[in-house]
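# Observations on the model geometry
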Amino acid sequence: MITSSVADAAQLLKQGQVLAYPTEAVWGLGCDPFNQQAFQNILECKHRPIEKGVILLAGCIEQVEHLLQDLEATIRDQVITSWSNRLETERATTWLLPADQHIPTWIKGQHPLVAVRVTTHPLCVELCHHFNGFIVSTSANPAGLAPARSLEEAQNYFGHSLHYLAGNLGLSQEPSRILNALTGEIVRA
């Protein structure tokens, strides 16, 4: 099913469905991060091992504020600045943050930290707001293949097994870089 309604797409997520949607640079697969069966469906679609973990995508800082509480003030400011002062053409930043007790273990995989990105992509912001929280975000591709960069490519990978939110990619040319907020380490340049 293809929809252009963000409200309908958010409702599908609430119903435990997997959704393919455009992000800042590539198409992503998303679900309710608290629905383990929906998450398992994403892993099966991608042939991705659970140990790798996934990114949580938020539409605003308030949706992930609880994950920033234990950060040193300068690091917290750096994280927030990277999310809020980004040009559309700039590469987005995903941060590895300390996970609190509310983050399901399957989201982190084998890692002690959780990957989080607050997006500025208008469609993703609206989707998170309609969903009323952050969602899973992992690239729309089977393991080992290039991420989909169009609705058609996503459909070629996953066919009728998923729901799709029609829309345009953002203006970034690359998926988000990933930084460890505790060490400053660049995990994905």
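Here the structure is a predicted model, which means the values were calculated and not measured.

### Section: the overall build of the chain
Looking only at helices and strands, the chain features 6 helices and 10 strands. For a compact globule of 189 residues, the expected C-alpha radius of gyration is about 16 Å, and the chain comes in at 15 Å, within 12% of that figure. For the chain, restricting intrachain contacts to residue pairs at least 6 apart in sequence, the fraction spanning at least 24 positions comes to 70%. Only carbon and sulfur atoms are counted for the fraction: they give 50% of the accessible area of the chain, which is about 8900 Å².

### Here we look at the layout of surface pockets
Of the voids in this model, the largest pocket is the one considered here, and its volume is about 760 Å³. Along the walls of the largest pocket sit 37 residues, with Arg48, Gly53, Ile55, Ile178 and Arg188 positioned nearest its centre. With 4 residues, the single largest contributor to the lining of the largest pocket is strand 6 (residues 113-118). Along the lines of polarity and charge, the residues of the lining of the largest pocket split into 18 nonpolar, 11 polar and 8 charged.

### Description of the side chain of Asp32
Note on placement: Asp32 falls in the loop between strand 3 (27-30) and helix 2 (36-46). Summary of buried charges: Asp32 has no salt-bridge partner, and the nearest side chain of opposite charge, Lys14, is 9.3 Å away. A distance of 2.8 Å separates the side chain of Asp32 from the backbone nitrogen of Phe34, its partner in a polar contact. Those residues in contact with Asp32 that lie beyond four places of it in its chain are Leu13 and Phe131.

### Quick word on the UniProt feature "domain: YrdC-like" (unreviewed entry) in the chain
Look at the UniProt record and you will see "domain: YrdC-like" (unreviewed entry) annotated at residues 3-189. Here residues 3-189 runs as 29% helix and 21% strand, with 33 Å between its end C-alpha atoms.

### Brief notes about the pairing of strand 2 (residues 19-22)
The side-chain alternation of strand 2 yields two buried faces, one formed by Leu19 and Tyr21 and the other by Ala20 and Pro22. With 4 bridges joining them, strand 2 and strand 3 adopt antiparallel strand pairing. From the neighbouring strand, Ala20 faces strand 3, where its bridge partner is Leu29. The antiparallel pairing of strand 2 with strand 3 creates a hairpin that spans 4 residues between the two strands. Relative to strand 8 (residues 163-165), strand 2 runs parallel, the two being bridged by 2 bridges. Residue Ala20 lies in a different strand from strand 8, and its bridge partner there is Tyr164.

### Remarks on the pairing of strand 9 (residues 177-180)
Relative to strand 9, strand 5 (residues 93-98) runs parallel, the two sharing 4 bridges. By the bridge assignment, Trp95 is partnered in strand 9 with Leu179. With 2 bridges joining them, strand 9 and strand 10 (residues 186-188) adopt antiparallel strand pairing. Counted as the bridge partner of Ile178 is Arg188 from strand 10. The hairpin formed by strand 9 and strand 10 contains 5 residues between the paired strands, and Gly184 there has a positive phi angle of roughly 80 degrees.

### Some points on unusual backbone geometry
One non-glycine residue, His47, lies in the positive phi region at around 55 degrees. Secondary-structure assignment places His47 in the loop between helix 2 and strand 4 (55-58). What makes His47 exposed here is its relative accessible area of 61%. With a phi angle near 70 degrees, Asn132 is a residue other than glycine that sits in the positive phi range. With respect to the helices and strands, the residue Asn132 is situated in the loop between helix 5 (122-131) and strand 7 (135-139).

### Some thoughts on the side chain of His121
On the secondary structure map, His121 appears in the loop between strand 6 and helix 5. A relative accessible area of 6% means that His121 is categorised as buried. A distance of 3.5 Å separates a polar atom in the side chain of His121 from the backbone nitrogen of Gly170. Once residues lying within four places of it in the same chain are set aside, the contact partners of His121 are Pro22, Thr23, Glu24, Asn168, Leu169 and Gly170.

What counts and what doesn't
- Residues numbered from 1 in each chain as written.
- Predicted model: local features only at pLDDT ≥ 70, side-chain atom pairs only at ≥ 80, totals over all residues.
- Heavy atoms only, no water.
- Helix = DSSP H or I, 4+ residues; strand = E, 2+ residues; numbered from the N terminus.
- Rg over C-alpha atoms; globule rule 2.2 N^0.38 Å.
- Contact = heavy atoms within 4.5 Å.
- Areas by Shrake-Rupley, 256 points an atom, 1.4 Å probe, with all protein chains shown as cover.
- 1 Å grid on protein atoms, 1.4 Å probe; cavity = no way out; pocket = protein on both sides within 12 Å on 5 of 7 lines; lining within 4 Å.
- Points joined across faces, edges and corners; volume = space filled by probe spheres on them.
- Nonpolar A, V, L, I, M, F, W, Y, C, P; charged D, E, K, R; others polar.
- Buried < 20%, exposed > 50% of the residue type's maximum accessible area, 1.4 Å probe, protein only.
- Lys, Arg positive; Asp, Glu negative; His and termini not counted.
- Salt bridge = Lys/Arg side-chain N within 4 Å of Asp/Glu carboxyl O.
- Polar contact = N/O pair within 3.5 Å; in protein donor to acceptor, adjacent residues only side chain to side chain.
- UniProt positions renumbered as here; feature names shortened; annotations may be inferred.
- Pairing = 2+ DSSP bridges.

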